[in-house]
Amino acid sequence: MDTSGKTRRQDRSDGSPASEEAAHRPRDARGTRTRILHAAGAVFAERGYEAATVRDIAGRAGVNQALIFRYFGSKKALLTEVMAQGGKEQLLHTPPDRLFETALRGVLAEDGGEPGSDRLLAVYLRSIGSADAAPETVRALGEEYAAALAALSSADDGTLRAQLAMAWLLGIGLMRVVVGQEPLASAEPEEICRHVLTALDGLLRDEVLPRDGRAPAGRAAKRRPDERP
């Protein structure tokens, strides 16, 4: 009497190797998906959306190209997922008062940053010229970032100030990463961060310049002893 079918059914339900393999499969799928997303983030940050290929991403992740299409469907969908997941993780795990600096350092890092560093802005900037570069995701993330920054300001126009900060951040990244404008392109990240973060602190404070554009009392430039008021 052939009991192999019964034995196989038992193997799937009694903790045998067959059932253990089935239990591990979802975990392996999650791990593979994560590896693909990390690899895609690195390749998109280095080369941009148009220049990045599915073959490059698959090679970086150590998977077959077909697996990428199976999990994500298309290169555009993969970019969207990279942007969405990266943005959510950064917003979730980064204190609001470090959010701007984290994003700035991510785009200033060479070659999109070291493995594990934030590359979200670099991914966006390298892909900004593409019509397929997930504009809805970028817009939604930009609004969430601006909202987090606005919460740091007690000014009535805190949302405007936060959006100005985001526009500044994107402009810095664009000029450095995409245009390569000197001396910004080769300036040391620490020097850039020092200037930008100092100015950001002033932008987010609850201070309003008078209509004549002069600095508030106490913040005017110091005069030389021999200079008349």
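Everything below is about the structure shown above.
Small disclaimer: the values here were computed from a predicted structure and weren't measured.

### Brief notes about helix H4 (residues 65–72)
Note that an α-helix has 3.6 residues per turn; residues three or four places apart therefore point the same way. Sitting at the amino-terminal end of H4 is Asn64, which places a side-chain oxygen 2.7 Å from the backbone nitrogen of Ala66. Gly73 occupies a position one or two residues after H4 and carries a positive phi of about 90°.

### Some points on the pattern of salt bridges
Within this structure, the stated rule accounts for 8 salt bridges. Its salt-bridge partner being Arg105, residue Glu190 comes within 2.7 Å of it at the nearest N-O pair. Here the residue Glu190 occupies a position in helix H10 (residues 189–204), and Arg105 occupies one in helix H6 (residues 96–108), the gap between them amounting to 85 residues. Taking the relative accessible area as the measure of exposure, Arg105 reaches 31% and is therefore partly exposed. Across the salt bridge formed by Arg205 and Asp201, the nearest N and O atoms sit 2.7 Å from each other. The partly exposed category is assigned to Asp201, whose relative accessible area is 38%.

### Observations concerning helix H5 (residues 75–93)
Over its 19 residues, H5 extends 27 Å from the first C-alpha to the last, a length consistent with the 27 Å expected when each residue adds 1.5 Å. Residues Lys75, Leu78, Leu79, Val82, Met83, Ala84, Gly87 and Gln90 constitute the buried set of H5.

### Describing the packing of aromatic side chains
Scanning the model with the defined rule gives 2 aromatic pairs in all. Measuring from centroid to centroid gives 6.4 Å for Tyr71 and Phe72, while their planes differ by 80°, and the two rings are edge-to-face.

### Here's the deal with the packing of H6 against helix H9 (residues 158–179)
Taken N-terminus to C-terminus, the directions of H6 and H9 make an angle of 10°; their axes are 10 Å apart at the nearest point. When the axes of H6 and H9 are compared, the pair comes out roughly parallel. Each of Phe100, Ala103, Leu104, Val107 and Leu108 in H6 lies in contact with H9, whose residues at this interface are Ala165, Leu169, Ile172, Gly173, Arg176 and Val177. Partitioned by chemical class, the residues of the contact of H6 with H9 number 9 nonpolar, 1 polar and 1 charged.

Analysis parameters
- Residues numbered from 1 in each chain as written.
- Predicted model: local features only at pLDDT ≥ 70, side-chain atom pairs only at ≥ 80, totals over all residues.
- Heavy atoms only, no water.
- Polar contact = N/O pair within 3.5 Å; in protein donor to acceptor, adjacent residues only side chain to side chain.
- Helix = DSSP H or I, 4+ residues; strand = E, 2+ residues; numbered from the N terminus.
- Salt bridge = Lys/Arg side-chain N within 4 Å of Asp/Glu carboxyl O.
- Buried < 20%, exposed > 50% of the residue type's maximum accessible area, 1.4 Å probe, protein only.
- Expected span 1.5 Å × (residues − 1).
- Phe/Tyr/Trp six-rings, centres within 6.5 Å; stacked < 30°, edge-to-face > 60°.
- Axes fitted to C-alpha atoms, helices over the stretch in contact; angles between N-to-C directions.
- Parallel < 35°, antiparallel > 145°, perpendicular 65-115°, else oblique.
- Contact = heavy atoms within 4.5 Å.
- Nonpolar A, V, L, I, M, F, W, Y, C, P; charged D, E, K, R; others polar.

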